[in-house]
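# Fold and contact review
The lines below spell out each chain.
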Amino acid sequence: MEYAKYLENAATKAPNPQLEREEERLSGLEAELFAVNELEFLAFDLKDEMKEYYENEIAACKRNINYFEGCA
């Protein structure tokens, strides 16, 4: 009976707009990081700085997603 109630709650739960926004942002950041990694003629120091930036932003975005999933 508990499992059935859980499924009912999961099916009727309204989507969290903040969570959706963060998931979309994560997808975009991952695509941009991939693009940076594919750049062949970019100076190594600039490329490393860009990779570090995107990796930090992705980590922050994942933390936000975990937070919003916990709130749901």
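Our structure's up above, just so we're on the same page.
Report on the accompanying structure. (Residues numbered from 1 in each chain as written. Predicted model: local features only at pLDDT ≥ 70, side-chain atom pairs only at ≥ 80, totals over all residues. Heavy atoms only, no water.)

The next subject is the overall build of the protein. Along its length, the protein carries three helices and zero strands. The order of helices and strands in the protein, counted from the N terminus, is α-α-α. Within the span of the protein, comprising 72 residues, buried residues form 18% of the whole. Sequence-distant contacts in the protein: of pairs separated by 6 or more residues, those separated by 24 or more amount to 68%. (Helix = DSSP H or I, 4+ residues; strand = E, 2+ residues; numbered from the N terminus. Buried < 20%, exposed > 50% of the residue type's maximum accessible area, 1.4 Å probe, protein only. Contact = heavy atoms within 4.5 Å.)

Most often, soluble globular proteins keep nonpolar side chains buried together rather than apart. Listed in full, the ten residues of the largest apolar core are Leu19, Leu26, Leu29, Leu33, Val36, Tyr54, Ile58, Cys61, Ile65 and Phe68. Beyond its immediate sequence surroundings of up to four residues, Tyr54 is in contact with Leu29, Glu32, Leu33 and Val36. (Core = buried A, V, L, I, M, F, W, Y, C linked by side-chain atoms within 4.5 Å.)

Residues spaced three or four apart along an α-helix point in a common direction, a consequence of the helix completing one turn every 3.6 residues. For helix 2 (residues 17-38), with 22 residues, the first-to-last C-alpha span of 32 Å sits near the 32 Å given by 1.5 Å per residue. When helix 2 is considered as a whole, its buried residues turn out to be Leu19, Glu22, Leu26, Leu29, Leu33 and Val36. Seen from one end, helix 2 has its buried residues packed into an arc of 100°, which puts them on one side. Opposite its buried face, helix 2 presents the exposed residues Pro17, Glu24 and Phe34, each directed more than 90 degrees away. Buried positions along helix 2 lie against helix 3 (44-71). The backbone nitrogen of Gln18 has a side-chain oxygen 2.9 Å away, supplied by the residue at the start of helix 2, namely Asn16. (Expected span 1.5 Å × (residues − 1). Arc of directions from axis to C-beta. Polar contact = N/O pair within 3.5 Å; in protein donor to acceptor, adjacent residues only side chain to side chain.)

Moving on, we come to the pattern of salt bridges. Pairs can form between side chains of opposite charge whenever their charged atoms are close. Applying the stated criterion across every chain, the model contains one salt bridge. Close ionic contact of Glu57 with Arg25 constitutes a salt bridge, the shortest N to O distance being 2.4 Å. With Glu57 in helix 3 and Arg25 in helix 2, this residue pair connects regions lying 32 residues apart in the sequence. Look at Glu57 and you get partly exposed, because its relative accessible area is 21%. (Salt bridge = Lys/Arg side-chain N within 4 Å of Asp/Glu carboxyl O.)

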